[in-house]
Amino acid sequence: MRTKRELQSAIRGTGRAVLVINARSRRGRRLYSTARRRLEEAGLEFAQVFPVTEPDRLNDLFKDVLALDPDLVVVGGGDGTVAEAVGHLAHRDIALGILPLGTTNNFARSLELPVDLKGAVGVLRDGKVADVDVGHVEAEPPSPGGAAHHDGGHIFANMVSIGLSVHVAEQVPHDLKRFIGRGAYAVTAARLLPRHEAFRATITIDGETHEMATHQLNVANGAHHSGQRIARDASPDDRLLAVYRLGDEHRLRLASATARHVLTGQWRSLNEDAFLTTDHVHIATDPPLNVDVDGEVKGRTPVSVRLLGNALRVIVPGSFHDT
């Protein structure tokens, strides 16, 4: 593995870069041509360009990308496209660059990237290589002696979610996302909440168990959820996972907790009682529930979630605090 400085020098010199743009993301379809033009005007050249029109083939596409042995992979798309890239690029001597073209762009926001196209291209041209944390989630046997169903797990960039948001992600209309953006999730959540059942969660950290009832439980590596900051000191480069619930078993408290999260996240701290911070957590729920990993359902509880520190190299603004 090269040092970050060596990789950055290679990218700025004669290194090989590859561009992947999801032409079906919220803004990717509309801004594809503009993005190509701005990248060209910024002097950024690519050995190969992959326009994505079939997102379900992203896994195979990234195998083709890695076969080119690039120094930099620039990904234009939303959180789902970025998450797929992260799963392939973690622990590799390759930097990830991001053009935020999705609805919420949570991981891009956590990296302090501009969400406008001009600003994001400027970071690709003038930014630095940093290494940040990612997470790993894996299903576990439901009880001691239970039949093992380990699947190797999944790397994630931003968040693991359990509860209402999983149903929202599955049912939010694509056309509504395209027309009103992030608001589509709130509209869909309001429609689903009256029928959503609370669940009990058992959270184990360093041998200590916490039990709670809720409609929504999150484990965050990144600093943003639904496009909003979760805490002023949250970062994808702090060696911490932040475990938190929104509300309890009462539906109205979920609504008020979500509103509080949106309105006050930028002032809250991970040191507050609302958060449990760790580098490894085990979560079981009653009943067992689907687990959303950066926007895709990846198995069911119980799960083990752990931090992979400094496992991903990314292009970030020069002002980003890299630890």
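Here, every reference points to the structure presented above.
Throughout what follows, the structure given in this document is the object of discussion. These numbers were taken from a predicted model, which means no experiment stands behind them.

What counts, and where the lines are drawn
- Residues numbered from 1 in each chain as written.
- Predicted model: local features only at pLDDT ≥ 70, side-chain atom pairs only at ≥ 80, totals over all residues.
- Heavy atoms only, no water.
- Axes fitted to C-alpha atoms, helices over the stretch in contact; angles between N-to-C directions.
- Helix = DSSP H or I, 4+ residues; strand = E, 2+ residues; numbered from the N terminus.
- Parallel < 35°, antiparallel > 145°, perpendicular 65-115°, else oblique.
- Left-handed = near helix turned anticlockwise from the far one by under 90°.
- Contact = heavy atoms within 4.5 Å.
- Nonpolar A, V, L, I, M, F, W, Y, C, P; charged D, E, K, R; others polar.
- Pairing = 2+ DSSP bridges.
- Buried < 20%, exposed > 50% of the residue type's maximum accessible area, 1.4 Å probe, protein only.
- Arc of directions from axis to C-beta.

**Some points on the packing of helix α3 (residues 58-67) against helix α4 (residues 79-89)**
Closest axis-to-axis distance for the α3/α4 pair is 10 Å, and the angle between their directions is 45 degrees. Judged on the interaxial angle alone, α4 and α3 are oblique. At the point where α3 passes α4, the crossing takes the right-handed sense. Contacts between α3 and α4 involve Leu58, Asn59, Phe62 and Leu66 from the former and Thr81, Glu84, Ala85, His88 and Leu89 from the latter. Looking at side-chain class alone, the contact of α3 with α4 contains 5 nonpolar, 3 polar and 1 charged residues.

**Here's the deal with the sheet that holds strand β16 (residues 290-293)**
One open sheet holds the 6 strands; their spatial order is β14-β13-β10-β7-β16-β17, and the pairing between them is antiparallel. Every other strand in the sheet has two partners, leaving β14 (276-278) and β17 (296-300) as the edge strands with one partner each. Neighbour-to-neighbour, the strand axes of this sheet turn through a mean angle of 25 degrees, independent of strand direction. Relative to β16, strand β7 (residues 159-163) runs antiparallel, the two sharing 2 bridges. The partner of serine 161 across the bridge, within β16, is aspartate 292.

**A look at α3**
Residues lying three or four places apart along an α-helix face the same way, a consequence of the helix completing one turn every 3.6 residues. When α3 is considered as a whole, its buried residues turn out to be Leu58, Leu61, Phe62, Val65 and Leu66. Looking down the long axis of α3, one finds its buried residues gathered within 140 degrees of arc, a one-sided arrangement. If you follow the buried residues of α3, they end up packed against β1 (17-22), β2 (48-52), β3 (72-77) and α4. Phi turns positive one or two residues past the end of α3, at aspartate 69, with a value near 55 degrees.

**Structural notes on the environment of alanine 120**
Looking at where alanine 120 falls in the secondary structure, it is placed in helix α6 (residues 117-126). Measuring from C-alpha to C-alpha, the distance between alanine 120 and leucine 39 comes to 9.8 Å, with 81 residues separating the pair along the chain. Among all residues touching alanine 120, those that are not within four sequence positions of it are Ile98, Leu99, Pro100 and Pro114.

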